[in-house]
Structures are given as structure tokens and as C-alpha cells.
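Spelled out, the chains give:
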Amino acid sequence: MLVSSASTVLFFAVIAVIVVLSPGSEIVAERFFSPRHLWQSLIGSGTNLSVLGAFVLNVKIFTVSEVFILILALVIAVVRRIPGPVFFPFRLVAVAYTDLFRGVPLILVLYMIGFGVPGLGLPFVSYLPDVTYGVISLVLIYSAYVAEVYRAGIESVHESQNAAARSLGLTRWQSLRFVVLPQAIRRVIPPLLNDFIGLQKDTALVSVLGSVEAVRAAQIYSASEFNYASYVVAAFLFVLITIPLARFTDRLIARDKRRREAGALA
Amino acid sequence: MNEGPALLLENVHKSFGENEVLKGIDLTVEPHEVVCLIGASGSGKSTLLRCVNLVEPIDAGRVVVEGEEITAEGVDANRIRRRIGIVYQSYNLFPHMTVLRNITLAPREALKQDRAQAEENARKLLERFGLLDKQYEYPDRLSGGQQQRVAIVRALAMRPHLMLLDEVTSALDPELVAEVLAVIKELAREGMTMLIATHEMSFARDIADRVCFLEAGHILEQGPPDRIFTAPEHPRTRQFLGRIIEAGRL
């Protein structure tokens, strides 16, 4: 305890000294950490948007996206495992989907969906709000990742569990639903939450479609006030919302570990 | 449906790739008969049971259960499996479910029993085998013997006409074997038709109406336990039993 506190203090003291003694430290302090600008960009002013207010949009984007991702990814993971030649085209689509959307950078998908779909001039689907195309892009990309997480979970459940369920007369679907998936999902909750932490940050990229979320609002502020404190505020907000999820994930992992150890003893 | 033998195997062949595990098995199990399969590991005992339960498709031959050929084209395997209970060496209980839920899952989902009825049946069975106080426990809180008894109860809850037991005591500590064997003896007394693969020779001798000695995918010899264990005809059977006696297991 004593050693760890001492080393922590020393570590941060060294960093602080380096920052303070650097030649540009005064300018950086004014441009990034001016209390007035920090506060003003956070709550907004007559001429500028509040970064905090804009951050609400980020929260909305990832909350809505998460729900769709959890569902779509599960469908993809399950489809990928349906046996039988009849379902070959479905499996092919599922595999192609994961390969494609894990490979393409999010920002390109945003451009293609956000500018391409409205460009088609189709009734209804081409006239949605910008932020909807942002959500669609996030769902497309992250579902590919999360489907793989689900798949790893499903494959980690030993085949004997499925065999036991099937030999009791349960159908393939019943076995998946009652025996395999509940165990698989429980095991992948930590990596799933980890992906969601990534998703929370990536909501910032939706700004390329013109949606005014936190990063966009910060950019607007910095452009009009010639001060970067707004970016620091935006960064702070992202970290603030990520930490609880990160700690929650840690706790789940620790609980799982305890359980496994207890199970090994029994 | 209840015509002829409980189980009939005719010239059953099964290969895994190049390796032919069953090389023409003929076997009849009459209703209420207890048949034990003995033989070295890899002789095909487990594969035989898995073929009867349609876990493994057979390559040639027929499996007939109560007059119905279950290996024919287009037979609904799920319907057949509901009539045949199987218990594995490694219990395979569902770890995320309580004992009660483990037992009631298949009756509720496959037989569409309502919850109250399924739970009542399950509790009756648990009580009979001294496990009622464990109904709300999760499998990892139970001993191996208790888990295996729950696995047997889970299979019984489907009211099978035939039970297949695949070396159900092999994974247990020696002091837990007896409680599981007692359950099986109880089932035999009640007239359950059973096909049992086992390494417990004295148990086989005790419980079996007939013992089959498997060797390299064939049934080399079969007969009442007294004859098989005291006067085996085939030299390979004598050799196998000789080794068992040497190991102090008979």
C-alpha cells in the first residue's frame, strides 16, 4: 500500500514536471485547459452549442445501436451454424457479411451509407435523418464483430451438452435455445462489453455525416473561439461514460474467475 | 407398438473414416431384460449405444425398437430419442440450470407437459432416489455420484421404454460408485429394459440377465452371466476376464 502510493505519486509528479517545464506549457495550458473555456464549452453560451448537450446524442446513438447489434449479431452467429445443404446460401451470406464488415473501416461505411443511400433517391429509405444512417453504419460494422464473439461463445460450449439435450429428444433449435446459447452468452458478456466500450467512442465518427454530437460541437466551439478546451471536455465526457462500463466488465470477469475456481474445487 | 423385442440390431456396421468400429452386430434385447456389454475400451460398446440412440448414424444394417425400424429413411429421430433414455459417463448435466430444471426441461419442451405436472413428476423421482433436498441446487454443488443420479432421473423423467447406460460409473470416485449402482439395480427390479456398457464386472454379474462380450467390433460371445464369468467359451473372453481378475476387479 505504502509502496504503491509512493510510486504513484512519483510517477505523476515526473509527468507533471515534464509538462510544466516544457517550453510551450503556458500556451498549451491556455489553449486546452483554460477554466473559462472548459466551462463555457461544457454548458454552451449564446453563440456556441453545449458539448454536454451534444453528448446526449452520442448516448442515444450507442444505446440504440447496442440493442440492434445484440440482435443482428446473434442472428448472424446462429445462421452461420445451421447445418444442412439447404441452408448453404444463408451460411454463405453470414460468412461474407462478417468478412466484409470486419474488413472495411467504419468511416468508409459511414460515407457509403450516409451519402450513398440518400443519393439513390429511393422512397423513404433515402430520406432518413443523417444520424439514422450513422446508427445503421455502426450496427453493420459492430454486428460483424459481435457475431464473432457470440460464435466463440457458442463454440466454447462442449458438444456433449448438445448431445445430452438432443438425446433427451429436444430438437436442434430447442437445444440451442435452452442449453447452448444461455451458457454461451454468459461466457461472452465480458468481451461483449469490451466491444461496447469501443462502440461508445466510435459514435464520434457519426459526425462526418453532419450530425452535431459531442466531437462536432467541440470542433465548432474551437473554430469560433480559437480554443481547444472544448475537445478536452468532449474527451472527458467519453472517458466518464466508459469507466463505469469498464469497471463493471472487470467485476464480471473477476466473478467468473471466482466461480470457475470454486467449480474446480467441487 | 409393443411387438417383438424391445430392441433388435441386425448386422449393424459403423465406421469412423477408415476405422470400422462395429463389424456386424446382431443383438436382441427382450422387454424387461437387462443386457450388459463388456469388453476392453475401444471394443465398440459406447459406439453401439450411440447408434441405438441415433447420435451416430449407422453405415449398414438395421436397428428396430419395439417393432419400428428407427434407422429407416425419414424417421423422426427426436421422437425416437424420447422413448430411449441415455446416460453418459460424464453426466452432462446442464450447469446453468437447477437440478429441477435439468429434469423438467425435456418433458416440458419435448413432451409439452405443463410446468406443474413436470415438476411434480420430477420431485417424485428425486424423492425416490433420495435427491429431493437437492432440487434447487446447481450441478456444480453436487458430488459426482449425485450428479450421475440426477442424470439418470433426468432420463427417467421422459418415461423411456429403454435405458442405455454408457459406463455411468467410470468417472466416479470408488466410494461414489455404489450409490449409482444401487439406483440402476432398483430400475432393474422394476423391470426397466436396459442395455448397459460397463467395466464393473461384479455389478454386471449381479444385475444382468445376459452378458455380451465385445471384441473389436464383434459380439464374440453372449450368455447368462454365470456362464460367461465362470465358463467362457472363447479364448479371448477368458483372456479378458483373466486380466480383470488380475486387476482385482472381479
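Since the structure is predicted, the reported quantities are computational estimates derived from the model, not experimental observations.

Caption draft 1: How the structure looks around the overall build of chain A. For chain A, the helix and strand inventory stands at 11 helices and zero strands. Helices and strands appear in chain A in the N-to-C order α-α-α-α-α-α-α-α-α-α-α. The C-alpha atoms of chain A give 24 Å as radius of gyration, which overshoots the globular expectation for 266 residues (18 Å, by more than 25%). Counting every position in chain A, which comprises 266 residues, the buried fraction comes to 30%.

Caption draft 2: Just the overall build of chain B, in detail. Counting its secondary structure elements, chain B contains nine helices and 10 strands. For chain B, the C-alpha radius of gyration of 18 Å lies close to 18 Å, the compact-globule estimate for 250 residues. Its C-alpha atoms give chain B principal-axis dimensions of roughly 55 × 45 × 35 Å. When the 250 residues of chain B are sorted by exposure, 45% land in the buried category. Partitioning the contacts of chain B with sequence separation of at least 6, the portion at a separation of at least 24 is 65%.

Caption draft 3: Quick look at the nonpolar core. Counting 128 residues, the largest nonpolar core has A:V51 and B:L195 as the members making the most contacts within it. Per-element tally for this core: the top contributor is helix α7 (residues 130-156) of chain A, with 14 residues. In this structure, A:V51 is in contact with A:S41, A:L42, A:A214, A:A217, A:A218, A:Y221, A:S230, A:V233, A:A234 and A:L237, ignoring residues within four places of it in sequence.

Caption draft 4: Just the interface of chain A and chain B, in detail. Counting residues at the interface gives 18 residues for chain A, matched by 19 residues for chain B. Every element with two or more residues in the side of chain A that touches chain B is listed here: α8 (159-167) and α9 (172-202) of chain A. Partitioning the side of chain A that touches chain B into residue classes produces eight nonpolar, eight polar and two charged.

Caption draft 5: Molecular detail of the environment of B:G248. Within the element layout of this structure, B:G248 appears in the segment after α9 (235-246). In this structure the C-alpha to C-alpha distance between B:G248 and B:P107, which are 141 residues apart in sequence, comes to 42 Å.

Caption draft 6: Representation of the packing of helix α5 (residues 88-103) of chain A against α7(A). All names here are of chain A. At their nearest, the axes of α5 and α7 sit 8 Å apart, and the two run at 120 degrees to each other. One finds that α5 runs oblique with respect to α7. Here α5 and α7 pass one another in a crossing that is left-handed. For the pair α5 and α7, contact is made by Y97, T98, F101 and R102 and by L140, I141, A144, Y145, A147 and E148, respectively. Residues of the contact of α5 with α7, tallied by class, amount to seven nonpolar, one polar and two charged.

Caption draft 7: Just the confidence of the model for chain B, in detail. Confidence along chain B averages 90 in pLDDT terms, with 98% of residues attaining 70 or more. Here the complex is predicted with pTM 0.83, and the ipTM for its interfaces comes to 0.88.

Caption draft 8: Seen up close, the sheet that holds strand β4 (residues 60-65) of chain B. Residues and elements named next belong to chain B. Spatial ordering of the open sheet is given by β2-β1-β4-β5, a layout of four strands whose pairing is antiparallel. Sheet topology places β2 (19-29) and β5 (68-69) at the edges, where each strand pairs with a single neighbour. Pairing geometry for strand β1 (residues 7-16) and β4, over five bridges, is antiparallel. Pairing of H13 across the sheet is with A60, part of β4.

Caption draft 9: Local environment of the packing of helix α6 (residues 106-120) of chain A against α7(A). All names here are of chain A. Running from N to C, α6 and α7 cross one another at 135 degrees; their axes reach a closest spacing of 9 Å. As far as their axial angle goes, α7 and α6 are oblique. In this structure, the crossing between α6 and α7 has a hand that is right-handed. Of α7, the residues touching α6 (which contributes L106, V109, L110, I113, G114 and V117) are D130, Y133, G134, I136, S137, L140 and I141. Partitioning the contact of α6 with α7 into residue classes produces nine nonpolar, three polar and one charged.

Caption draft 10: Region of the structure containing the pairing of strand β10 (residues 218-223) of chain B. Residue and element names in this part refer to chain B. The sheet contact formed by strand β9 (residues 210-215) and β10 spans five bridges and is antiparallel. Following the sheet pairing, C212 is matched in β10 by Q222. In this structure, the hairpin formed by β9 and β10 is closed by a connection of two residues, where A216 is found at a positive phi of approximately 50 degrees.

Basis of the calculations
- Residues numbered from 1 in each chain as written.
- Chains lettered and ligands numbered in written order.
- Predicted model: local features only at pLDDT ≥ 70, side-chain atom pairs only at ≥ 80, totals over all residues.
- Helix = DSSP H or I, 4+ residues; strand = E, 2+ residues; numbered from the N terminus.
- Rg over C-alpha atoms; globule rule 2.2 N^0.38 Å.
- Buried ≥ 20, exposed ≤ 12 C-beta atoms within 10 Å, placed from the backbone.
- Contact = placed C-beta atoms within 7 Å.
- Core = buried A, V, L, I, M, F, W, Y, C linked by C-beta atoms within 7 Å.
- Nonpolar A, V, L, I, M, F, W, Y, C, P; charged D, E, K, R; others polar.
- Axes fitted to C-alpha atoms, helices over the stretch in contact; angles between N-to-C directions.
- Parallel < 35°, antiparallel > 145°, perpendicular 65-115°, else oblique.
- Left-handed = near helix turned anticlockwise from the far one by under 90°.
- pLDDT = per-residue confidence, 0-100.
- Pairing = 2+ DSSP bridges.

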